[in-house]
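# Chains, contacts and geometry: an overview
One letter stands for each residue in the lines below.
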Amino acid sequence: MKDAAPQPVFLRDYTPPAYLVDSVDLTFRLHPTKTRVISRIAFRPNPAAQDRRFFLHGEELTLLRAAIDGTKVTPQTDTEGLTCTVPDAPFTWEAEVEIAPEENTALEGLYMSNGMYCSQCEAEGFRKITYYPDRPDVMAPFTVRIESDLPVLLSNGNPVAQGTGWAEWHDPWPKPAYLFALVAGDLVATSGAFTTCEGRKVDLNIWVRPADHGKADYALDSLIRSMKWDEQVYGRAYDLDVFNIVAVDDFNMGAMENKGLNIFNSRYVLASPQTATDRDYDNIERIIAHEYFHNWTGNRITCRDWFQLCLKEGLTVFRDSQFSADERSAAVKRIEDVIALRARQFREDAGPLAHPVRPESFTEINNFYTATVYEKGAEVIGMLRRLVGPAGYDKALALYFERHDGQAATIEDWLKVFEDATGRDLTQFKRWYSQAGTPRLSVTDDFADGTYTLHLRQETPPTPGQPDKAPQVIPLAVGLLAPNGDEVVPTTVLEMTEAEQSFAFTGLDARPVPSILRGFSAPVVLERETSAQERAVLLAHDTDPFNKWEAGRLLARDVLTAMIRDGAAPDGAFLDALAAVARDATLDPAFRALALRLPGEDQMAEHLHALGHTPGPLTIHTAREALKDALAGHLQTLWPALYDGLACPGPYSPGAADAGRRALRLAALSHMARLDGGAQARAHFAAADNMTDEIGALTALLEIGAGTEELDRFATRWAEDRLVMDKWFALQVSLAAPENAVDTARCLTEHAAFNWKNPNRFRAVIGGLTMNAAGFHDASGAGYRLVADWLLRMDAANPQTAARMSTAFETWPRYDSERQALIRAELDRIATQAGLSRDMGEMVARLRA
Ligand code: PHE
Ligand code: ZN
């Protein structure tokens, strides 16, 4: 069994668990290398199961003893778990195992981070803590006793009792093992309280290391706002007496929604104006909300199996974006979400790693916490809501909570509540869950006798294992503008269901300018020949903020395309159009800042590839820089005006209004730097009293190849702050000139503070390099080599973090044959490495296919 290649599991092979669990009692005697875990588990045969085989998952455990109903047993163990003969009736299983948290570098199961014990069990980490049916459809109440000299001992649920050196917790809500958590450490709390709409008083604590005390206020504030919002918008109240959040420095992901005990990557908890940027504050608010919302969408209703991951993740991402839209600017939030969706999910959908929102097989589930499952999963719910309307959505959600509370559910269950609540047939809509790839929607139009007709054609390109696609349901929000910019037809939602379909609008005086896919109403690529003039009308007049921004983005993309492909000069009309938006004081500064952001180099590579071109990454980089320079020069009087006019009076506040002003002001500063050699940016850096301004100025300097001194000063000032130093590492790699990027990254891996086993630090440097498109794709292949070296090294310590980073190679099909060969050589080198993890083995196999 040990050396056999890991086998994939299939959705279609699901069978119910042979045994159910009525209760779990765990005792932990914590020790860095000899932790004892004693389990008492009440099992009962599952009447719904076909087979009676008793199997418990267990990995890297030393089994010391086992007993059934008090009688010692000797189970058969292998590397994946154990089997044992058991009674054909309810029985109590007892086992004692030993584990070594200090040696756990994979950060899955029970591990140590800076002297504190913490756990991470999603998706299949509980099996590294004790023997258990580690699958989400086995749910049970947990009682946990922790024995340790450390002062703070936490687990799920409510505190039961505690004394010197021990504490007991009880979680009354049946939960799958992946939601189990334990924390023990020398921690201090920022505390608050919340009384739910049901009258329950809840103690709130955000636990951090003593040195970080005082940096959890914003997280606490975000938590309280999230709790209120979920009551008001979804009618969901919290259900325990205490809600604990712990900040941990070594964490593979963003955060984890363990019942009553969320564990966070410290970068998504800790903030002060001096150390966190506006973006950090934004992320903290969003992720605190996300994990909190999981309490209902994920915990109270969980997933039957891991194929249903999008059931909790897509829905919870959708809910957290609704929250952010409500707390901040809905328009800006939507635009930012779409930028991220296109950069990460469209890219995934277009490459060798494309998979459906609900995958049908996997070898390692950790490889499927993807932009497709999360972000496309959320888009699918947004489409559903648009199709059934807000009232239909609310009705369906109420039914979902009523019908499935306490259950492990499926996508079929989810869609059924929408069908039952609204009477709509969702058979075709379900394809969004099973078909991978981004649909291409081509649009042509005609106008005659006052009737304007849109002709639509949808086609989804082939993806691995899915050569042919059927048409999907595409909700298309459309509005029409008159040539002078007046809106003549307000937003209507067209429902496209066929491969080809036409929609007519009658009674028009003149040929309108269509505003298609308003609010980005479906995750598709819109293909339409549009004149620059039409785009200018939309950019100036569209009432839909998303499409107003989109018009500017398309103009920029076309200008860049012409520069890259044909060596064209920057287009003056485009510069003027952008200037008009930038100086329009009636527009939200945050929106204006987004409009000034040019499409990224990676986006341009993808777009040009779709058009059949393979320009060198350096050509793309150079053209984009030239366009930025042109923009800087063309608007040289505007930048100082914006800069001077947008200073935020008063002390720093992370709120949307001030953050928007800073964003636009820093955009102005970065353009000024291209004209004054960085003088203003240097002054800005010196005067900065918050991290947003400090990083903004530093970015402006690095972008023009300056900032060496400032980098040094920054490092001296922040040497003791690991989260700020992550920024220092990341920034200089991702903004290095392409020819220096690989050397910069290599040099930083030799820096004394490059603690590569810390995932944040690893991602800062190695991830930073992969984000420097022209540097990573350097023709020499040095970038590929360096990243592959580090993937191999990291894989031996932490497969999950290494495998995630391997997605840097997913864009290989869009490069020239020399680069493709270089990438392939690195993938081959990884694939043939002895002892490769299951995570990385699956990733390279998919990448190479
Ligand atoms: N379930 C977590 C979330 O989305 C993500 C996560 C997955 C964290 C796996 C750790 C491990 O909120
Ligand atoms: Zn989540």
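That block above? That's the structure.
Below is a summary of the structure that appears in this document. What you see is a predicted model; the values in this text were computed from it and never measured.

About the thresholds
- Residues numbered from 1 in each chain as written.
- Chains lettered and ligands numbered in written order.
- Predicted model: local features only at pLDDT ≥ 70, side-chain atom pairs only at ≥ 80, totals over all residues.
- Heavy atoms only, no water.
- Donors = N, O, S within 2.8 Å, 3.2 Å for Na, K, Ca; no water.
- Buried < 20%, exposed > 50% of the residue type's maximum accessible area, 1.4 Å probe, protein only.
- Helix = DSSP H or I, 4+ residues; strand = E, 2+ residues; numbered from the N terminus.
- Contact = heavy atoms within 4.5 Å.
- Pairing = 2+ DSSP bridges.
- Axes fitted to C-alpha atoms, helices over the stretch in contact; angles between N-to-C directions.
- Near = heavy atom within 4 Å.
- Polar contact = N/O pair within 3.5 Å; in protein donor to acceptor, adjacent residues only side chain to side chain.
- Areas by Shrake-Rupley, 256 points an atom, 1.4 Å probe, with all protein chains shown as cover.
- Nonpolar A, V, L, I, M, F, W, Y, C, P; charged D, E, K, R; others polar.
- Parallel < 35°, antiparallel > 145°, perpendicular 65-115°, else oblique.
- Core = buried A, V, L, I, M, F, W, Y, C linked by side-chain atoms within 4.5 Å.

### Considerations on the coordination of the zinc ion (ligand 2)
- For the zinc ion (ligand 2), the protein coordination sphere consists of His 290 (NE2), His 294 (NE2) and Glu 313 (OE), at 1.9 to 2.1 Å.
- Considered as a linear motif, the donors of the zinc ion (ligand 2) on their single chain read H-x3-H-x18-E. His 294 matches His 290 in its accessibility class, with the two residues each being buried.

### Some words on the side chain of Asn 772
- Secondary-structure assignment places Asn 772 in the loop between α21 (759-771) and α22 (773-776).
- Apart from the residues lying within four places of it in its own chain, the contact partners of Asn 772 are Val 733, Ser 734, Leu 735, Ala 736, Pro 738 and Ala 741.

### A few points about the sheet that holds strand β27 (residues 474-481)
- Across the sheet, 3 strands lie side by side as β28-β27-β30; this open sheet has antiparallel pairing. In the strand order of this sheet, the two ends are held by β28 (487-496) and β30 (513-516), each with one partner. Recorded for the sheet is a direction-independent mean angle of 25 degrees between the axes of neighbouring strands.
- Sheet topology places β27 next to β30; 4 bridges connect them, and they run antiparallel. Following the sheet pairing, Val 478 is matched in β30 by Ile 516.
- Together, β27 and β28 form the strand contacts of helix α5 (residues 371-404), whose direction differs from that of β27 by roughly 65 degrees.

### Some points on the site of ligand 1
- Around ligand 1, a shell composed of 13 residues is seen, among which Glu 122, Glu 257, Glu 291, Glu 313 and Tyr 374 lie nearest.
- Contact between ligand 1 and Tyr 374: an oxygen atom at 2.6 Å from a side-chain N or O atom of the residue.
- Surface burial for ligand 1 is 97%, taken as the share of its 330 Å² of free accessible area covered by protein chains.
- Residue assignment for the shell around ligand 1 shows that the elements contributing at least two residues are β20 (255-256), α2 (278-293) and α3 (309-327).
- Along the lines of polarity and charge, the residues of the shell around ligand 1 split into 5 nonpolar, 3 polar and 5 charged.

### Here we look at the packing of helix α1 (residues 217-234) against α3
- At a minimum axis distance of 11 Å, the contact between α1 and α3 shows a crossing angle of 105 degrees. With respect to α3, the axis of α1 lies roughly perpendicular. Each of Ser 222, Arg 225, Ser 226, Trp 229, Asp 230, Val 233 and Tyr 234 in α1 lies in contact with α3, whose residues at this interface are Phe 318, Arg 319, Gln 322, Phe 323, Asp 326 and Glu 327.
- Partitioned by chemical class, the residues of the contact of α1 with α3 number 5 nonpolar, 3 polar and 5 charged.

### Notes on the nonpolar core
- Ranked by internal contacts, the top residues of the largest apolar core, which has 277 residues, are Trp 93, Trp 414 and Phe 429.
- Setting aside anything within four residues of it in sequence, one finds Phe 429 in contact with Val 380, Met 383, Leu 384, Leu 387, Leu 415 and Val 473.

In short, shape yes, function no, at least from these values alone.
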